[in-house]
Amino acid sequence: MKVLLTGGTGFIATHVLHELLEHGHKVVTTVRSDEKGRILLDLFKGKPVSYSIVGDIALEGAFDEAVKSDPPFDAVIHTASPFHYNVKDNKKDLLDPAVMGTTGILKAIKSSAPSVKRVVITSSFAAMANPQNPPKVYNEEIWNQMTMDEALTTTNAQAVYRASKTFAEKAAWEFVKTEKPTFSLTVLNPPMVYGPIRHHVASLAELNTSNKLILDLMLGKPRDGPAPSPIYIDVRDLALAHVLAIENPEAAGQRFFVTAGMGTEKDMGDIIRKAFPDVAKNLRDDLADSLPPYAIDNSKSIKVLGMKYRSLEETIVDTVKSLRELGA
Ligand code: NDP
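What counts, and at which threshold
- Residues numbered from 1 in each chain as written.
- Predicted model: local features only at pLDDT ≥ 70, side-chain atom pairs only at ≥ 80, totals over all residues.
- Heavy atoms only, no water.
- UniProt positions renumbered as here; feature names shortened; annotations may be inferred.
- Helix = DSSP H or I, 4+ residues; strand = E, 2+ residues; numbered from the N terminus.
- Near = heavy atom within 4 Å.
- Polar contact = N/O pair within 3.5 Å; in protein donor to acceptor, adjacent residues only side chain to side chain.
- Areas by Shrake-Rupley, 256 points an atom, 1.4 Å probe, with all protein chains shown as cover.
- Nonpolar A, V, L, I, M, F, W, Y, C, P; charged D, E, K, R; others polar.
- Core = buried A, V, L, I, M, F, W, Y, C linked by side-chain atoms within 4.5 Å.
- Buried < 20%, exposed > 50% of the residue type's maximum accessible area, 1.4 Å probe, protein only.
- Contact = heavy atoms within 4.5 Å.

The chain has the name Dihydroflavonol-4-reductase in an unreviewed UniProt entry, where Capronia coronata CBS 617.96 is given as its organism. As its UniProt record puts it under Sequence similarities (unreviewed entry), the chain is described as follows: "Belongs to the NAD(P)-dependent epimerase/dehydratase family. Dihydroflavonol-4-reductase subfamily."

Printed below as a string of structure tokens:
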């Protein structure tokens, strides 16, 4: 297939790009600048990859040119969306790029890329999470209940991020319902994503938000908020899920809670202590050890997509190895 992948410079997207190539697909990926595009192509030298520039996904018509290609695209994977907590303006910094980026690409495909049959969007567990009032079991039926008013006014940056993913995903399903495009949509809802780093990271200060939690754990940095969600997936498994989602017709029209399971901060600390004795001395002695009062159900992803998930140990060991290669 010929695939358009948005946000190819990201932590997750670079793994998706690698997995697409492993499966024999041809890829065009969007990046924000020529410089970022050249660095990315360098990582995939000799492979059937090229890039197009989309400077800001929040702008009207941002994807109008990127969706056009010769030969045309068969599938689109939309991963680009801001994941950070440096929020000054809830709408501009997180909500607009998430929601407008999602509706923008769907509109552009519908009007200018009729060859596209499959669209996969990287949503998040954030679009399911109800931290104050969790269900007994998280599965694909569950939605984050936040309202747009709350999203616009809250001063909790993590809540704004969760809202950005929720409203973006809702907008995608609404688009499919009202616009009845000729492509089918699949949405993936991963929780915290950890794993080795394939993308270009200029310095550890610019590390992606989820792997930064592991870096802080390794360095013994005190937390400035609650313990991170213990629900996780390895980035390599998530990348494969994206590719299976475009390849498997049964995935069409479905939402998938893609997760390996749970591991507390203490579980991760214990894995690091055992595998990296020299890092053990840095670990904080107040690592959170309690599991949340709900269960999680990943059975649909196993049954329909055929997912097999890496263990927490493999994920954390390979993340730490990778961070050390980057100088941690
Ligand atoms: P990264 O920050 O590594 O990647 C985000 C990507 O989106 C980058 O390519 C970035 O470009 C691009 N991007 C962000 N905002 C804009 C914008 N306004 N215009 C153009 N491009 C933009 O994050 P991840 O790889 O971790 O996240 C990728 C996706 O996965 C996101 O949709 C995120 O919500 C989702 N996700 C991530 C999880 C995690 O734990 N990591 C968990 C669940 C979901 P640039 O690099 O140039 O800034």
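There is more to say after this.
Draft legend 1. Representation of the UniProt feature "domain: NAD-dependent epimerase/dehydratase" (unreviewed entry) in the chain in the model. As annotated by UniProt and renumbered to match this structure, "domain: NAD-dependent epimerase/dehydratase" (unreviewed entry) occupies residues 3–253. The span residues 3–253 shows a helical share of 39% and a strand share of 15%, and its end C-alpha atoms are spaced 18 Å apart.

Draft legend 2. Main features of the site of the ligand. The local shell around the ligand holds 27 residues, among which K36, T79, Y161, K165 and V193 are the closest. In the model, an oxygen atom of the ligand is placed 2.9 Å from a nitrogen or oxygen of the I12 main chain. A total of 890 Å² of accessible area belongs to the ligand in isolation, and the protein chains cover 89% of it. Where the shell around the ligand is concerned, the elements lending two or more residues are α1 (11–22), α5 (157–179) and β8 (192–194). Of the residues contributing to the shell around the ligand, the split by class is 12 nonpolar, 11 polar and four charged.

Draft legend 3. A look at the nonpolar core. Judged by nonpolar contacts, the single largest core of 35 residues is most densely connected at L17, L20, I77, L188, V258 and L305. A total of eight residues in this core trace back to one element, the largest contributor, which is helix α7 (residues 235–247). Other than its neighbours up to four places away in sequence, L17 contacts L5, V27, T29, L40, F44 and V49. Counting 23 residues, the second largest nonpolar core, distinct from the first, contains V28, A80, V119 and F183.

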